[in-house]
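Chain by chain, the residues run as shown.
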Amino acid sequence: MSSPALSNQQWGGRFAAGPSAIMGAINASIGFDRKMWRQDIRGSLAHAAMLAHVGIISAEDQVAIREGLAAIAARIEAGDFAWDEALEDIHMNIEARLTERIGDAGKRLHTARSRNDQVALDLRLWVRDAIDGLSAQIGDVMRALVDRAEEHAGTIMPGFTHLQPAQPTTFGHHMLAYVEMFSRDLSRLADCRARMNESPLGAAALCGTGFPIDRHMTAAALGFERGPMRNSLDAVASRDFAAEFLFCCAMCQTHLSRLAEEVVIWTNPYFGFVKLSDAFTTGSSIMPQKRNPDAAELVRGKTGRVIGALTGMLTVLKGLALTYFKDMQEDKEGVFDAAETLTLTLAATAGMVRDIQPQVGRLAEAAGAGFSTATDLADWLVRELRLPFRDAHHVTGRLVAKAEAMGVDLSGLTIQEMQEAEPRIHAGVFGVLGAAASVASRTSYGGTAPENVRRMAAEWRERLA
């Protein structure tokens, strides 16, 4: 471990005594912000190249910095880098090692830069990289769902409202509903990436610098398409990009949780809609018959972590005046944890979707239960008998009550029994009382008819190719 004196050398001559052990423990962030080492080195390389370009440091110093940072990166990549808590954070750890390697050239790297703009840069770069990785994973989940939608475009299943039987739908249509949700998650992440894609580097501590730096050069070198941020105070003070990223993660995780909840319900033997293999289930230590959908339950359970990270970020930011406060050290762990949690749950979900085995016969049986074609009967009364819909709704309700009292479904009623509620009903009504006929009739745009599902799945497959 480095001595307090070394740490104070990084701060400057203002501090004569070292920090207390408690102060060192609460102040250090190297335990978590070292995740940003790649981004920190990228930012330093761009900064050094710019300093040499404008003549603030020599070309020789820039070469030494570049080679020194490359050597440090190799050591970190190999797991052969000694992190020093006394040096507080990722920035000082790398700068101290660089100076040990190359001498005074390493000390010149921080010219026209502060840890305030440096950490803002590193976190933007880290979040941008995370967005790219998560977006690819969401696309993989969507492709898995599209595969199942095509495979089961005509597989009839019950649709629910209030978790009560509502109308028949298809398994493929159900899968495509989640494709739509995840497509919006992709769109939100893309919007977040575009909005945050501007560089804070060069804002320095808060007011910019008197050195003749070229902020457009560093922004371009680091891929910030919107260029440098226009206000130095905003550049070091703002973390709304991180909060927006966390919202995107929380929303996507919530969608994953909804799908996971359905898997938990569907795999229950009382439903028996789907099965999962051993790959995504576990057993019980005492009950040998158990097959628990633990992967789905954990996807659902981890949602609280991601929502909590968003709440934590907003709570940190809500009381901060401009510009930088040490509170902002608390902006990172939630971001890292949320991104890593979502990475894991997306992978688990993609695996479960590909693994899931719909029980076609059981789904079809359940689709016709619970008077699920009552709406089709009401619609038939409107189309064929020209009843006003409210009257048709009333007639259908009476027939449902009659069937329920007799212990049969609507198709189990005779024509005579139906005519007691509406004398003009004829045998043609039986053509709409089956679940398959109900599903096939829903041909309106976005409806559940198998032909719609196949067409929409094909569109998604092309968009995701």
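Quick notes on the rules
- Residues numbered from 1 in each chain as written.
- Predicted model: local features only at pLDDT ≥ 70, side-chain atom pairs only at ≥ 80, totals over all residues.
- Heavy atoms only, no water.
- Helix = DSSP H or I, 4+ residues; strand = E, 2+ residues; numbered from the N terminus.
- Rg over C-alpha atoms; globule rule 2.2 N^0.38 Å.
- Buried < 20%, exposed > 50% of the residue type's maximum accessible area, 1.4 Å probe, protein only.
- Contact = heavy atoms within 4.5 Å.
- Phe/Tyr/Trp six-rings, centres within 6.5 Å; stacked < 30°, edge-to-face > 60°.
- Lys NZ or Arg CZ within 6 Å of the ring centre and 35° of its normal.
- Axes fitted to C-alpha atoms, helices over the stretch in contact; angles between N-to-C directions.
- Left-handed = near helix turned anticlockwise from the far one by under 90°.
- Nonpolar A, V, L, I, M, F, W, Y, C, P; charged D, E, K, R; others polar.

What follows is about the overall build of the protein. Helix and strand counts for the protein come out as 21 helices and four strands. A compact globule built from 465 residues should have a C-alpha radius of gyration of about 23 Å, whereas the protein, at 31 Å, is more than 25% larger. Its C-alpha atoms put the protein at 100 × 55 × 40 Å along the principal axes. Every one of the 465 residues in the protein was classed for burial, and the buried ones make up 49%. Within the protein, counting contacts between residues at least 6 apart in sequence, those at least 24 apart form 75% of the total.

Now for the environment of M92. Looking at where M92 falls in the secondary structure, it is placed in helix α6 (residues 90–102). Residue M92 is classed as buried on the basis of its relative accessible area, which comes to 6%. Considering only alpha carbons, one finds M92 and R115, 23 residues apart in sequence, at a separation of 8.8 Å.

Attention now goes to unusual backbone geometry. Each neighbour pair has its own omega, and for L322 with T323 the value is 5°, a cis peptide bond. Tracing the backbone through its elements, the reader meets T323 in the loop between α14 (303–317) and α15 (332–355). With phi around 75°, E88 is a residue other than glycine that occupies positive phi space. Within the element layout of this structure, E88 appears in the loop between α5 (59–77) and α6. Overall, E88 belongs to the buried group, its relative accessible area being 6%.

Below, the discussion takes up the packing of aromatic side chains. Within the structure shown, the criterion is met by six aromatic pairs. A ring pair is formed by F271 and F273, whose centres lie 5.3 Å apart and whose planes are at 85°; its orientation type is edge-to-face. Exposure remark for F271: the relative accessible area of 23% places this residue in the partly exposed category. Taken together, the aromatic side chains of F160, F271 and F273 make up a single cluster linked through ring pairs. The ring of F224 has R128 lying over it, and the distance from NZ or CZ to the ring centre is 4.8 Å. Across the ring face of W460, the terminal group of R463 is positioned such that the distance to the ring centre comes to 3.9 Å.

Okay, the packing of helix α13 (residues 294–301) against α15 next. At a closest axis distance of 10 Å, the pairing of α13 and α15 adopts a crossing angle of 145°. Note on packing geometry: the crossing formed by α13 with α15 is left-handed. Two secondary-structure elements touch here, α13 through A295, A296 and V299 and α15 through T345, A348, T349 and M352. Among the residues forming the contact of α13 with α15, the class breakdown is five nonpolar, two polar and no charged.

In this fold, A364 is placed in helix α16 (residues 360–367). Residue A364 is classed as partly exposed on the basis of its relative accessible area, which comes to 39%. Once the C-alpha coordinates of A364 and T169 are considered, the two residues, 195 residues apart in sequence, prove to be 9.8 Å apart.

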